[in-house]
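Architecture at a glance
Chain residues, written in single-letter form:
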Amino acid sequence: MPFALGLVLLLVPVRRAEAVPAFAEQTGLACQACHVGGFGPQLTPFGREFKLDGYTMRSNAFNLPFSAMAVASVTHTRKDQVPPPDGLDRNDNLTFDQGSLFVAGGIGNHLGGFAQITYDGVAKAWSWDNLDVRAVTRGKLFGADAVYGLTLNNSPTVQDVWNTTPAWGFPYTDTAVSGTPAAAPLIDGALAQNTLGLSAYAWVGQKFYVEAGAYTSPSAGTLNWLGADPGDPGDIRGLAPYGRLALQRQAGGGTLAVGAFALEAGINPGRDRSSGLRDRYTDLGFDASWQKALASGDTISTQLRYVHETSNLQASCALALVGDGITPDCAHDHLSEWRGDIGYAWHNGIDATLGAFATSGTRNTGLYEGDGKPDSDGVMAEVDYTPWGSGNSPLGPRANMRLGLQYTAYGKFDGARHNYDGSGSNASDNNALRLYTWLAF
């Protein structure tokens, strides 16, 4: 059972913050031009165009293509964590969550991207982080302007421009030291930084988006060198296809986008091929967003996504990594996830966001702890302040900062509201208050 719990924890989404001032210097624009609230990663329609156009837009002949960021926080949970997180206290933990270095920029009219290296202050380890390198060209399709591109990236949905998909969805920075639900679809970050994918896309008439590509797993030695765990969750057998469709148009005085995305992967758990079988995952997602810039300079936005996962963990069951290796229905699992949020950015300086989330699925006592149900739900509220989103920092146009306060409240956690772990723990014991500061320069 400890290994089964570890396998489930592989699916916990990891929220990676992103802020790249080198792009602001390259375009000659303040952060608020591309980002809602004057700070990343939530994109405005203009910011989406910049990313889809291969990060190539430029107003300065030369800029330094390097950036850095750091996130620190203090987190208080409703009840002390027993046992405490490794190397930390049971409660009221002050942590340096992460520090990152970026190489980011465009080269000419056809090449651009960014690469991120991150120090995890909680795990105390360096690793490669988000990667998105693009080659683009422009033309016409059905009489409309079109951008055609290739993206080389290391995490399904990190290339996406809508803040509905897992890589860039709310919350944009999250706790690293308090309890979070164990179950999540594979596409929610389990393949981040341990895969490499290539996709082709077309963006037609600033309305239609289509993308198709596939992911594979680098060698164990390469991932070890890059600071990633090659056995987490394992390696992809062959290729894992990924596809994305989206339609964006004006509606209600704002920008509305609706879309779908899908990932199919066969994985050798822990890179163990001895069973001759593989674990198969099929994730199908639907998403929608709406964003409106008001005459007052404020912005209102809302995001929604639904993901359904069907999995067949034949290899894990045969290897007794899940269950006892005998139970016939050990392998099959279904998981559904809903996430949504609504936010208001006042003068690109003060933001308020309210989000809700829910995960449900089939009972599987070999895969999930407690009563074998993966169900969790709750809400998160955040208020944050960005004083220099318009580029008016006293430290220069590259410097930016966000201060934020988050509160997460759980209604259900890992299958139950009360005594979810069989040791008397309640879902609300994991409620967390987090104060963070996020610097970018």
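Everything below is about the structure printed above this text.
Read on for an overview of the structure. Only a predicted model underlies this, so the values are computations on that prediction, with no experimental measurement involved.

Description of the state of the cysteines
Going through the model one piece at a time under the given rule, you end up with 1 disulfide. Note on cysteine connectivity: Cys317 is disulfide-linked to Cys330, with sulfurs 2.0 Å apart. Since a negative S-S torsion denotes a left-handed disulfide, the Cys317-Cys330 link at about -90° is left-handed. Of the two residues, Cys317 sits in helix H6 (residues 314-318) while Cys330 sits in the loop between H6 and strand S13 (332-346), which places them 13 residues apart along the sequence.

Points about unusual backbone geometry
Note the cis peptide between Phe170 and Pro171, where omega equals 0°. With respect to the element layout, Pro171 can be found in the loop between strand S5 (144-153) and strand S6 (196-204). For Tyr55, which is not a glycine, the phi torsion comes out positive at approximately 60°. Phi angles above zero are rare outside glycine, and Asp92 is one such case at about 55°. Note on placement: Asp92 falls in the loop between strand S1 (66-77) and strand S2 (93-107).

Notes on the pairing of strand S4 (residues 125-141)
In this sheet, S4 lies alongside strand S3 (residues 111-120) in antiparallel orientation, the contact comprising 9 bridges. Paired with Thr118 across the bridge in S4 is Ser127. In this antiparallel pair of consecutive strands, S3 and S4, the connection spans 4 residues, and Lys124 shows a positive phi of 60°. Of the pairings in the sheet, the one linking S4 to S5 comprises 10 bridges and is antiparallel in character. Counterpart to Leu141 in the pairing with S5 is Ala144. Following S4, the chain reverses through 2 residues before pairing antiparallel with S5; Phe142 in that reversal takes a positive phi of roughly 55°.

Each value, and the rule that gives it
- Residues numbered from 1 in each chain as written.
- Predicted model: local features only at pLDDT ≥ 70, side-chain atom pairs only at ≥ 80, totals over all residues.
- Heavy atoms only, no water.
- Disulfide = S-S within 2.5 Å.
- Helix = DSSP H or I, 4+ residues; strand = E, 2+ residues; numbered from the N terminus.
- Pairing = 2+ DSSP bridges.

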